[in-house]
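# A structural walkthrough
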Amino acid sequence: MPHMTRIDPEDSARARFAYELQRHRLLAKLTQGQLGRRIGFSGSLIGAVENLKRTPSDDFARRCDKAFGLEGVFTGLHLEGWPPPPPVPEHFRNWTLEERRASALQIWDPLLVPGVFQTEAYARRVFERAPGIAPEEVEERVYGRMQRKNLLCQEDPPAILSMIDEGVLRRPIGGAAVMREQLTYLLEIARHPKVTIQIVPFAAEAVPGLLAAFVIAEQRGAPYAVYVDSIPEGRTVTERCLIALLTARYDAIRAEALPQSLSLKLIEEIADKWI
């Protein structure tokens, strides 16, 4: 049997999927191209999944189980490595998958506390103010947002660098009690070893960031996707020229942000005023 690529299946659930895919393929004496034809995907995709360069779909996992005569082995591994996204609006579902496979997220928001850091009360107030929204839809969206916060609890969470405009800390979303709870939570989550929060103060013009909120997803230090907020729906961007433009804009905004130590001090000072 040909030698396997060096993959440590103990590294992560994703590594186990790649390891088992390659192991079963070689045991069946199939090339990547032959397996690809058998399950309806390209041989290059098989290679990319085996080398942890591409994310397999749940359909891919099901077809592997069928091809190798297994009962849910690959389907189970896929659920471990790529759990289903929380219940979120359809236009946002692709992005929730990108969040979970990114090694780093760079967030900018000039208007609201970023979704992954929102408390339940803050998120509920944001959603319930949407014109015409039904109470049950509000609760569904709040639940989905709270599920997204589990991002930092996954096996290998992304590093998160979040920049927030100072005005967000002072805007009375839900009233004083909700804001105090929200800002206190920001101070707590900032203690996480993979979280950095920086505030862009009023004194900074930060003109490049006043048009919209956006999030840059990275893998191994390279930006590969961006979510751009807009009305009525945001969108996920993968075009390289747009990613480069938004990355440059992010760097320009960060140049005007306070260091984390001063940012947390400012959050604490403003939180004490919400009484």
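Data block above holds the structure.
The model shown is predicted, which means the values in this text are computed figures rather than measured ones.

### A closer look at the packing of aromatic side chains
- A full pass over the atoms with the stated rule returns 7 aromatic pairs.
- Considering the side-chain rings of Phe 17 and Phe 60, the 6.3 Å spacing of their centres and the 40 degrees angle between planes classify their relative orientation as tilted. With a gap of 43 residues between them, Phe 17 in helix H1 (residues 13–27) and Phe 60 in helix H4 (residues 58–68) connect regions that are remote in the sequence.
- Classification of Phe 60 by relative accessible area gives buried; the value is 1%.
- Between Trp 95 and Tyr 227, the aromatic rings sit 5.9 Å apart at their centres with planes inclined by 40 degrees, giving tilted as the arrangement. Within this pair, whereas Trp 95 is found in helix H6 (residues 90–101), its partner Tyr 227 is found in strand E5 (residues 222–228), the two being separated by 132 residues in sequence. Judged on exposure class, the residue Trp 95 and its partner Tyr 227 are both buried.
- Among the aromatic residues, those joined into a ring-pair cluster are Phe 17, Phe 41, Phe 60, Phe 68 and Phe 74.
- Seen from the ring of Tyr 185, Lys 149 lies directly overhead, with NZ or CZ sitting 4.3 Å from the centre.

### Brief notes about helix H5 (residues 73–81)
- Listed as buried for H5 are Phe 74, Leu 77, His 78 and Gly 81. Summarising the axial view, the buried residues of H5 lie within an arc of 105 degrees, below the 170-degree limit, and thus occupy one face.
- Summarising the contacts, the buried residues of H5 are in contact with H1 and H4.

### Points about the sheet that holds strand E1 (residues 104–109)
- Strand order in the open sheet made by the 6 strands is E3-E2-E1-E4-E5-E6, with mixed pairing throughout. The open sheet is flanked by strand E3 (195–200) and strand E6 (235–237), the only strands paired with a single partner. Averaged over all pairs of adjacent strands, the angle between their axes in this sheet comes to 15 degrees, without regard to strand direction.
- Helix-sheet contacts for H6 involve E1, strand E4 (214–219), E5 and E6, and the interaxial angle to E5 is about 150 degrees.

### What to know about the pattern of salt bridges
- Tallied over the entire structure, the rule returns 14 salt bridges.
- Between Arg 63 and Asp 59 there is a salt bridge, with its nearest N and O atoms 3.1 Å apart. Linking Arg 63 with Asp 59, this pair stays in helix H4, spanning 4 residues, or about one helical turn.
- A salt bridge links Arg 124 to Glu 120; its shortest N-O distance comes to 3.0 Å. With Arg 124 and Glu 120 both in helix H7 (residues 120–128) and 4 residues apart, this pair spans about one turn of that helix.
- For Glu 120, a relative accessible area of 41% corresponds to the partly exposed category.

### A word on the packing of H7 against helix H8 (residues 135–148)
- Across the interface, H7 lies against H8 with an axial gap of 9 Å and an inter-helix angle of 140 degrees. Judged by the angle between their axes, H7 and H8 are oblique. Read as a crossing pair, H7 and H8 show a hand that is right-handed. Where H7 approaches H8, its residues Glu 120, Ala 123, Arg 124, Phe 127 and Glu 128 are matched on the opposing element by Val 138, Glu 139, Arg 141, Val 142, Arg 145 and Met 146.

### Observations regarding the environment of Arg 16
- Relative to the helices and strands, Arg 16 resides in helix H1.
- A relative accessible area of 24% means that Arg 16 is categorised as partly exposed.
- It is 20 Å that separates the C-alpha atoms of Arg 16 and Glu 98, two residues lying 82 residues apart in sequence.
- Of note is the side chain of Arg 16, whose polar atom sits 3.2 Å from the side chain of Glu 80.

### Thoughts on the layout of surface pockets
- Within this model, the largest pocket holds a volume of roughly 1,100 Å³.
- Leu 112, Arg 145, Tyr 227, Asp 229 and Ser 230 are the residues nearest the centre of the largest pocket, which is lined by 39 residues in total.
- Elements with a contribution of two residues or more to the lining of the largest pocket: H6, E1, H7, H8 and E4.
- Residue composition of the lining of the largest pocket, grouped by class: 26 nonpolar, 5 polar and 8 charged.
- The volume enclosed by the second largest pocket comes to roughly 710 Å³.
- Together, 35 residues line the second largest pocket, and Ser 12, Arg 14, Arg 100, Arg 101 and Asp 156 are the ones closest to its centre.
- Taken together, the elements giving at least two residues each to the lining of the second largest pocket come down to H1, H5 and H6.

Reading the values: rules and limits
Starting afresh in each chain, residues are numbered from 1 along the sequence in its written order. For a predicted model such as this one, the threshold for reporting local features is a pLDDT of at least 70, and the threshold for listing and counting side-chain atom pairs is 80 or more; totals across whole chains, interfaces and linings nevertheless cover every residue. Only hydrogens and water are set aside; all other atoms, that is, all heavy atoms of the structure, feed into the side-chain values. Any two rings among Phe, Tyr and Trp, with Trp reduced to its six-membered ring, count as a pair given centres within 6.5 Å; such a pair is stacked if its planes are under 30 degrees apart, edge-to-face if over 60, and tilted if neither. We count a stretch as a helix when DSSP gives it H or I for four or more residues in a row; a strand needs E for two or more, and each element gets its number in order from the N terminus. To sort residues, take the accessible area from a 1.4 Å probe on protein chains only and compare it with the maximum for the residue type: under 20% means buried, over 50% means exposed, and anything in between is partly exposed. Only Lys NZ and Arg CZ are tested; either one counts as a charge over a ring when it is within 6 Å of the ring centre and within 35 degrees of the ring normal. Here the arc refers to the set of directions running from the helix axis out to each C-beta atom. Note on definitions: a residue-residue contact is assigned when non-hydrogen atoms from the two residues lie within 4.5 Å. What makes two strands pair is DSSP finding at least two bridges between them. Inter-axis angles, ranging from 0 to 180 degrees, are taken between N-to-C directions of lines fitted to C-alpha atoms, where helices are fitted over the stretch in contact. By convention in these notes, a salt bridge is any Lys or Arg side-chain nitrogen within 4 Å of a carboxyl oxygen on Asp or Glu. Here is the rule for angles: anything less than 35 degrees is roughly parallel, anything more than 145 is roughly antiparallel, 65 through 115 is roughly perpendicular, and the remaining ranges are oblique. What makes a crossing left-handed is the near helix being turned counterclockwise from the far one by less than a right angle; a clockwise turn instead makes it right-handed. Counting of polar contacts relies on pairs of N or O atoms within 3.5 Å, with two restrictions inside protein: one atom must be capable of donating a hydrogen and the other of accepting it, and residues adjacent in sequence are counted only when both atoms are side-chain atoms. A cavity here means a set of 1 Å grid points, computed over protein atoms only, where a 1.4 Å probe fits but cannot escape. A pocket is an open set with protein on both sides within 12 Å along at least 5 of 7 lines, and lining residues have an atom within 4 Å of a point. Grid points are joined across faces, edges and corners, and a volume is the space filled by probe spheres set on the points. Following the grouping adopted for this structure description, the nonpolar residues are Ala, Val, Leu, Ile, Met, Phe, Trp, Tyr, Cys and Pro, the charged ones are Asp, Glu, Lys and Arg, and the polar ones are all others, Gly among them.

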